[in-house]
Amino acid sequence: MNPLLNTLQPYPFAKLRKLLEGAKLPEDLKPISLSIGEPKHSAPDTVKQALFDHQALFEKYPPTGGYPELKEAIGNWIEKRYGVKLDPASQILPTNGSREALFALTQVLIDPTQDPVVVMPNPFYQIYEGAAKLAGAQPYFCPMTAETGFKPDYSSIPEDVLKRTQLLFVCSPNNPTGTVLSVEDWRKLFDLSDKYGFVIGSDECYSEIYFDEDNPPLGALSAAKLLGRPNFDRLIVFSSLSKRSNIPGMRTGFVAGDEKLIKPFLLYRTYHGSAMGGAVQHASIAAWNDEEHVRENRRFYVEKFKAAVPLLKQALEVEMPDASFYLWAKTPIDDKLYARRLYEKKGITVLPGSFLGREVNGVNPGSGYIRIALVATVPEVTEAAQRIAEFDPFEE
């Protein structure tokens, strides 16, 4: 057995199940889950039709590198969305969602013989930590706190850590805080990458959930172009259709950026057996080619935030995020106790922030917060927010 498996922590939702074990729900209230970031909006009909129309492709092995038509569709979307023109053949690779790619590419990039470090925000998406550990690297947790504007303070990383850093994960829009990096933030990151030679992995799976149609979040590719980095040296972007198009079960996304990193990743995936099914590739083409369903998707989220935030402010310290469908709310009592009591008294499931963070120097920056995922329907989110507003966390 790989001994590195023993270094992994239980997944946050396993911890949540254990926390809520034995809790009795109120009989008069319908349970509403706001804990997991799984979109509840309908998948686009064009995507479902494309799956049906190409079902015969399940009888054939798909190409690991992806159909040229899919890579072209992704390239066209990147150009429209970010104003960046990539070579689909060498700078884009379809993947089975972003989670698979985040994990697998880490295995490609890390040289375990060099005492490597992988830097990640704290709190964070747990795949970063697991991928780092199983690649033989040491995670370095960069705290996000109210004092840092809920962004990682990369300038606080010691130089001896930066010298060993081989990969640095960025999540913008961020899970769980909803913050978005600015051009100046990116400038500082690129300067560090140039000085110390590490790869930047930019997780952008929430990039299409935002609230102003005229101001989409800045992406790493756009930032690189603005800052005069046309070859995207040591930069890889991860994207996904799960949140954008409400198809998390299809497991479809892409990586894009530095072709010197894409090429060995394709070799790895050839051995790993990670090819995306042909029908799924064609359904993905339909999704990337259509923006109307994405705008409609955002309209629902805008409605939910408008309804929920004023109600939640009555009970919690919470502000609108820059983007994403999460709220990062400060709790008046311990976050784990708050989550259990809320579940027992009001039938609402949220995720304790401490489950998403790691303790460093005696402090877990996720402690005292909950992550609220506004993924349910507009009426359900409104009802849940009303229940939270009425909830007394000090009542046992």
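Note that this is a predicted model, so its numbers are computed, not measured. (Residues numbered from 1 in each chain as written. Predicted model: local features only at pLDDT ≥ 70, side-chain atom pairs only at ≥ 80, totals over all residues. Heavy atoms only, no water.)

A.B. asks: Just give me the short version of the sheet that holds strand 12 (residues 369-373), but keep the residues and values in it.
C.D. replies: Strand order in the open sheet formed by three strands is 9-12-11, with antiparallel pairing between adjacent strands. Because the sheet does not close on itself, it has two edges, and the strands there are strand 9 (326-330) and strand 11 (351-352). The pairing of strand 9 with strand 12 spans five bridges and is antiparallel. Within strand 12, the residue paired with Ala329 across the bridge is Ile370. (Pairing = 2+ DSSP bridges. Helix = DSSP H or I, 4+ residues; strand = E, 2+ residues; numbered from the N terminus.)

A.B. asks: Could you give an account of the sheet that holds strand 2 (residues 92-95), with specific residues and numbers?
C.D. replies: Overall, mixed pairing links the seven strands, which are arranged 2-8-7-6-5-3-4 in an open sheet. Strands at the two margins of the open sheet, each flanked by one partner only, are strand 2 and strand 4 (138-143). Each neighbouring strand pair of the sheet contributes to a mean axis angle of 20°, computed without reference to strand direction. Sheet topology note: the strand 5 (residues 165-171)/strand 6 (residues 199-203) ladder contains five bridges and is parallel. In the sheet register, Leu167 faces strand 6, and the bridge partner there is Val199. Those strands touched by helix 6 (residues 127-134) are strand 3 (117-122), strand 4, strand 5 and strand 6, and its axis lies near 165° from that of strand 3. Running over the sheet, helix 10 (residues 259-272) touches strand 2, strand 6, strand 7 (235-240) and strand 8 (253-257) and is turned about 35° from strand 2. (Axes fitted to C-alpha atoms, helices over the stretch in contact; angles between N-to-C directions. Contact = heavy atoms within 4.5 Å.)

A.B. asks: For the nonpolar core, give the residues involved together with the corresponding values.
C.D. replies: Ranked by size, the top nonpolar core spans 47 residues in total, and within it Ile78, Tyr154 and Trp186 carry the most contacts. When neighbours within four sequence positions are excluded, Trp186 is seen to be in contact with Val170, Leu181, Ile200, Ser202, Leu218, Ala220, Ala223 and Leu227. If you look at the next biggest cluster of nonpolar residues, it comprises 37 residues, including Phe305, Leu351, Phe355 and Ile372. (Core = buried A, V, L, I, M, F, W, Y, C linked by side-chain atoms within 4.5 Å. Buried < 20%, exposed > 50% of the residue type's maximum accessible area, 1.4 Å probe, protein only.)

A.B. asks: Which residues make up unusual backbone geometry, and what are the values?
C.D. replies: Leave glycine aside and you will find that most residues have negative phi; peptide bonds, for their part, are mostly trans. Cis rather than trans, the peptide bond between Asn122 and Pro123 has omega equal to 10°. Mapped onto the elements of the fold, Pro123 is located in the loop between strand 3 and helix 6. A positive phi angle, close to 50°, is found at Asp115, a residue other than glycine. Looking at the element boundaries, Asp115 is found in the loop between helix 5 (97-109) and strand 3. Of note, Arg251 is a non-glycine position whose phi angle comes to about 55°, a positive value. You can see Arg251 is positioned in the loop between strand 7 and strand 8.

A.B. asks: I'd like a rundown of a nonpolar patch on the surface, residues and numbers included.
C.D. replies: On the surface, Met1, Leu5 and Leu8 cluster together into a nonpolar patch covering about 350 Å² of accessible area. With respect to the helices, strands and loops of the structure, Leu5 is situated in the segment before helix 1 (12-19). (Patch = residues over 30% accessible without salt bridge, like charges linked within 9 Å, V, L, I, M, F, W, Y side chains within 5 Å. Areas by Shrake-Rupley, 256 points an atom, 1.4 Å probe, with all protein chains shown as cover. Salt bridge = Lys/Arg side-chain N within 4 Å of Asp/Glu carboxyl O.)

A.B. asks: Could you give an account of the packing of helix 12 (residues 292-312) against helix 14 (residues 378-390), naming the residues involved and the relevant values?
C.D. replies: Following both chains from N to C, one finds helix 12 and helix 14 inclined at 10°, their axes separated by 8 Å at the closest point. As the angle between them shows, helix 12 and helix 14 are arranged roughly parallel. For the pair helix 12 and helix 14, contact is made by Phe300, Glu303, Lys304, Ala307, Ala308, Leu311 and Leu312 and by Val378, Val381, Thr382, Ala385, Gln386, Ile388 and Ala389, respectively. (Parallel < 35°, antiparallel > 145°, perpendicular 65-115°, else oblique.)

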